[in-house]
Amino acid sequence: MAFFLEALFGGLMAGMLYSLVALGFVLIFKASGVFNFAQGAMVLFAALAMARFSEWAPQWLGIESRVLANVVAFVLAGAVMWVVAWLIERLVLRHLVNQEGVTLLMATLGITYFLDGLGQTLFGSNIYPINVGMPKDPVFLFEGTFQGGVLVNLEDVYAACIAALLVALLSLFFQKTSTGRALRAVADDHQAAQSIGIPLNRIWVIVWFVAGITALVAGIIWGSKLGVQFSLTTLALRALPVVILGGLTSVPGAIIGGLIIGVGEKLSEVYLGPYVGGGIEIWFAYVLALVFLLFRPQGLFGEKIIDRV
């Protein structure tokens, strides 16, 4: 039982991180109808900004406190993501209003490669550490209940708690603030939202910025675990099956889909991997997403396309 719980907890914690990245896809699609293939590149770009600013801030400002340096770096990286959101809306989205979905998809592919190249130009191409003080030593829990206890990595626990907190804050933002209600109105009907005076251009900047902040938090967590490297782009794209499973238009679906895939790939690797030679974690999520595309293409909580027309 203890071994099962270790695998279960590990899957849940990985699933929260997948959900965090998947939220970026869902938020942008709901507000603008754009499938943002650049979300993985945004994770990398934001993480690079955070890593380099946390290194540069003490030199620029004479800061000795690591906590203060990280706070300054987070604010600066957030400001960079706001500029990125504004430029994307100004230079790309407003010129592609009412274009075909494939045109918008190709535009986000272009944004992906542009951000990858710009990040390397501005921040360098080495592997950079992010140290936000999360403990990395494993601990044993429930030692009184199970013999030997349950081994849990504290860094994973902290990361899962941070991801859960951000998800809760985003939910409050969408439900309780006027801007959040405007975002939901735009998601339901662009033309109706415009008719009551909601400015689409400003809303799109805000939603891309919110997606950028979720990318920043995800990049910090992944960068703290693995270091900031260019493989983060492809790592973040592992959230794509989460979006397919949960539904491209559902925020709760992104969360639940991430947990299902995180747990599923961990348990399948642990219990089925020895019989098939391992490597199940690499393809499990994509096979599960393919099954859902065949039998329920809108995902668990997504809307059918015909319902949105």
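Note that this is a predicted model, so its numbers are computed, not measured.

The rules behind these values
- Residues numbered from 1 in each chain as written.
- Predicted model: local features only at pLDDT ≥ 70, side-chain atom pairs only at ≥ 80, totals over all residues.
- Heavy atoms only, no water.
- Helix = DSSP H or I, 4+ residues; strand = E, 2+ residues; numbered from the N terminus.
- Rg over C-alpha atoms; globule rule 2.2 N^0.38 Å.
- Buried < 20%, exposed > 50% of the residue type's maximum accessible area, 1.4 Å probe, protein only.
- Contact = heavy atoms within 4.5 Å.
- Areas by Shrake-Rupley, 256 points an atom, 1.4 Å probe, with all protein chains shown as cover.
- Lys, Arg positive; Asp, Glu negative; His and termini not counted.
- Charge placed at Lys NZ, Arg CZ, Asp CG, Glu CD.
- Expected span 1.5 Å × (residues − 1).
- pLDDT = per-residue confidence, 0-100.
- Salt bridge = Lys/Arg side-chain N within 4 Å of Asp/Glu carboxyl O.
- Patch = residues over 30% accessible without salt bridge, like charges linked within 9 Å, V, L, I, M, F, W, Y side chains within 5 Å.
- Core = buried A, V, L, I, M, F, W, Y, C linked by side-chain atoms within 4.5 Å.
- Bend = angle between axes of the 7 residues up to and from the residue.
- Axes fitted to C-alpha atoms, helices over the stretch in contact; angles between N-to-C directions.
- Parallel < 35°, antiparallel > 145°, perpendicular 65-115°, else oblique.
- Left-handed = near helix turned anticlockwise from the far one by under 90°.
- Nonpolar A, V, L, I, M, F, W, Y, C, P; charged D, E, K, R; others polar.

Comments concerning the overall build of the chain
Moving on, step 1. The helix and strand tally for the chain stands at 14 helices and two strands.
Moving on, step 2. In terms of C-alpha radius of gyration, the chain reaches 20 Å, essentially the compact-globule figure of 19 Å for 309 residues.
Moving on, step 3. A principal-axis box enclosing the C-alpha atoms of the chain has dimensions of 65 × 55 × 35 Å.
Moving on, step 4. The buried share of the chain, reckoned over its 309 residues, is 49%.
Moving on, step 5. For the chain, long-range pairs separated by at least 24 residues make up 73% of all intrachain contacts whose partners lie at least 6 apart in sequence.
Moving on, step 6. Accessible surface for the chain amounts to roughly 14,900 Å². Of this, 66% is attributable to carbon and sulfur atoms.
Moving on, step 7. Looking at charge distribution, the chain has the averaged site of its 16 positive side-chain charges lying 9 Å from that of its 17 negative ones.

What about helix 11 (residues 251–271)?
Moving on, step 1. Spanning 21 residues, helix 11 covers 30 Å between terminal C-alpha atoms, matching the ideal 30 Å at 1.5 Å per step.
Moving on, step 2. For helix 11, every residue scored as buried is listed here: Gly 253, Ala 254, Ile 255, Gly 257, Gly 258, Ile 261, Gly 262, Val 263, Gly 264, Glu 265, Leu 267 and Ser 268.

Notes on the environment of Gly 246
Moving on, step 1. Positionally, Gly 246 belongs in helix 10 (residues 240–246).
Moving on, step 2. Looking at Gly 246, the relative accessible area reads 0%, which means it is buried.
Moving on, step 3. Sequence separation between Gly 246 and Ser 19 is 227 residues; the distance between their C-alpha atoms is 9.6 Å.

Some words on the confidence of the model for the chain
Moving on, step 1. Chain-level pLDDT for the chain is 83 on average; 91% of the residues reach the 70-or-more range.
Moving on, step 2. Across the chain, the element-wise mean pLDDT spans from 43 in helix 14 (residues 305–308) up to 93 in helix 3 (residues 66–91).
Moving on, step 3. Contacts for the low-pLDDT stretch residues 305–309, under 50 throughout, to residues beyond four places or in other chains number five contacts.

Observations regarding the pattern of salt bridges
Moving on, step 1. Applying the stated rule across the entire model yields three salt bridges.
Moving on, step 2. Glu 55 is paired through a salt bridge with Arg 52; the nearest N and O atoms lie 2.7 Å apart. Placement of the pair is Glu 55 and Arg 52 together in helix 2 (residues 39–61), with a separation of three residues, close to one helical turn.
Moving on, step 3. For Glu 55, a relative accessible area of 36% gives the class partly exposed.

Concerning a nonpolar patch on the surface
Moving on, step 1. Nonpolar side chains collect at one region of the surface, where Ile 282, Trp 283, Val 287, Leu 290, Val 291, Leu 293, Leu 294 and Phe 295 lie side by side and expose about 860 Å² of accessible area between them.
Moving on, step 2. Assignment of secondary structure puts Val 291 in helix 13 (residues 280–295).

Side note on the nonpolar core
Moving on, step 1. Core analysis: the largest hydrophobic core is formed by 92 residues, its most contacted members being Phe 53, Trp 208 and Val 228.
Moving on, step 2. With 17 residues, the single largest contributor to this core is helix 8 (residues 200–226).
Moving on, step 3. Not counting residues within four places of it along the chain, the set of residues in contact with Phe 53 comprises Pro 58, Trp 60, Ala 73, Leu 76, Ala 77, Val 80 and Phe 123.

A word on helix 2
An α-helix turns once every 3.6 residues. As a result, residues three or four positions apart point the same way.
Moving on, step 1. The terminal C-alpha atoms of helix 2 lie 31 Å apart, and with 23 residues this matches the ideal 33 Å at 1.5 Å per residue to within 8%.
Moving on, step 2. Most pronounced at Glu 55, the bend in helix 2 amounts to some 30°, and the proline Pro 58 follows within four residues.
Moving on, step 3. Within helix 2, 18 of the 23 residues are buried, which leaves it mostly tucked inside the rest of the structure.
Moving on, step 4. Of the residues flanking the end of helix 2, it is Gly 62, one or two places downstream, whose phi is positive at about 70°.

Re the packing of helix 2 against helix 3
Moving on, step 1. Taken N-terminus to C-terminus, the directions of helix 2 and helix 3 make an angle of 135°; their axes are 8 Å apart at the nearest point. Judged by the inter-axis angle, helix 2 sits oblique to helix 3. Note on packing geometry: the crossing formed by helix 2 with helix 3 is right-handed. In this structure, helix 2 uses Met 42, Phe 45, Ala 46, Ala 49, Met 50, Phe 53, Ser 54, Ala 57, Pro 58, Trp 60 and Leu 61 to contact helix 3, whose residues at the interface are Ala 69, Asn 70, Val 72, Ala 73, Phe 74, Leu 76, Ala 77, Val 80, Met 81 and Val 84.
Moving on, step 2. Class assignment of the residues belonging to the contact of helix 2 with helix 3 gives a composition of 19 nonpolar, two polar and no charged.

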